[in-house]
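Understanding the architecture of this molecule
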Amino acid sequence: MNADREYALRIATEAKRLEKSISGKKSELKTWLSRVDLAENSGKKELAEAAKKRVSELETEIQKLEVEASLLSRDVEEAKTLWKSNAPERLLSTDAEALVRRLDALAGNIGSESEAFAELQRNADAEAALEELKRSMEENK
């Protein structure tokens, strides 16, 4: 696997990890908010304060993760834009296996092959975007 493909895979993996982490932290936040309410309604001020502290920590963590996800999302959008501007070249360099999978999907042979094709297409898209980014960086030197 070449370096561009590995980089694209790392970006996609990181985006999914962030998505899951944010979701988990938001779920944990809901739990702690209900604990704050429960402690306040029970008159247990020490427990309520401890729960509020954890709520504050979680809100900070979520905010940091969302900023990170936003930056990563921006990078992905820039890569998509570069990829789209490189569409004619991308069409000329179609992978034969990906083409067969695409034809199978069009013929109705949907299943694990179409999922494999989708992954190959995503990898090819990311690879093309990275190539365009490299070219633009070389031009800006």
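Structure: see above.
I will try to describe carefully the structure that is included in this document.

**Here's the deal with the overall build of the protein**
- A count of helical and extended segments in the protein gives five helices and zero strands.
- Ordering the α and β elements of the protein from the N terminus gives α-α-α-α-α.
- Looking at the protein as a whole, 19% of its 141 residues qualify as buried.
- Once local pairs closer than 6 in sequence are excluded, the contacts in the protein between residues at least 24 apart make up 68%.
- A total of about 10300 Å² of accessible surface is found on the protein, and carbon and sulfur atoms cover 54% of it.

**A closer look at the pattern of salt bridges**
- Applying the stated criterion across every chain yields a total of ten salt bridges.
- Among the ionic pairs, Lys 25 bridges to Glu 61, the shortest N-O distance being 2.7 Å. With Lys 25 in helix H1 (residues 3-41) and Glu 61 in helix H2 (residues 45-85), the pair connects residues that are 36 residues apart, well separated along the chain.
- Of the charged contacts in the structure, one is a salt bridge between Glu 49 and Lys 52, with a shortest N-O distance of 3.9 Å. Of this pair, Glu 49 and Lys 52 are both found in helix H2, three residues apart, which corresponds to roughly one turn of the helix.
- Judged by its relative accessible area of 36%, Lys 52 is partly exposed.
- Linked by salt bridges that have partners in common, Lys 25, Glu 28, Arg 54, Glu 57 and Glu 61 make up one network.

**Concerning the nonpolar core**
- Counting six residues, the largest nonpolar core consists of Leu 29, Val 36, Ala 51, Val 55, Leu 58 and Ile 62.
- Listing elements by their share of this core, those giving two or more residues are H1 and H2.
- When residues in this core are grouped by element, the largest group, four residues, is from H2.
- Beyond its immediate sequence surroundings of up to four residues, Ile 62 is in contact with Lys 25, Lys 26 and Leu 29.

Reading guide: rules and limits
- Residues numbered from 1 in each chain as written.
- Predicted model: local features only at pLDDT ≥ 70, side-chain atom pairs only at ≥ 80, totals over all residues.
- Heavy atoms only, no water.
- Helix = DSSP H or I, 4+ residues; strand = E, 2+ residues; numbered from the N terminus.
- Buried < 20%, exposed > 50% of the residue type's maximum accessible area, 1.4 Å probe, protein only.
- Contact = heavy atoms within 4.5 Å.
- Areas by Shrake-Rupley, 256 points an atom, 1.4 Å probe, with all protein chains shown as cover.
- Salt bridge = Lys/Arg side-chain N within 4 Å of Asp/Glu carboxyl O.
- Core = buried A, V, L, I, M, F, W, Y, C linked by side-chain atoms within 4.5 Å.

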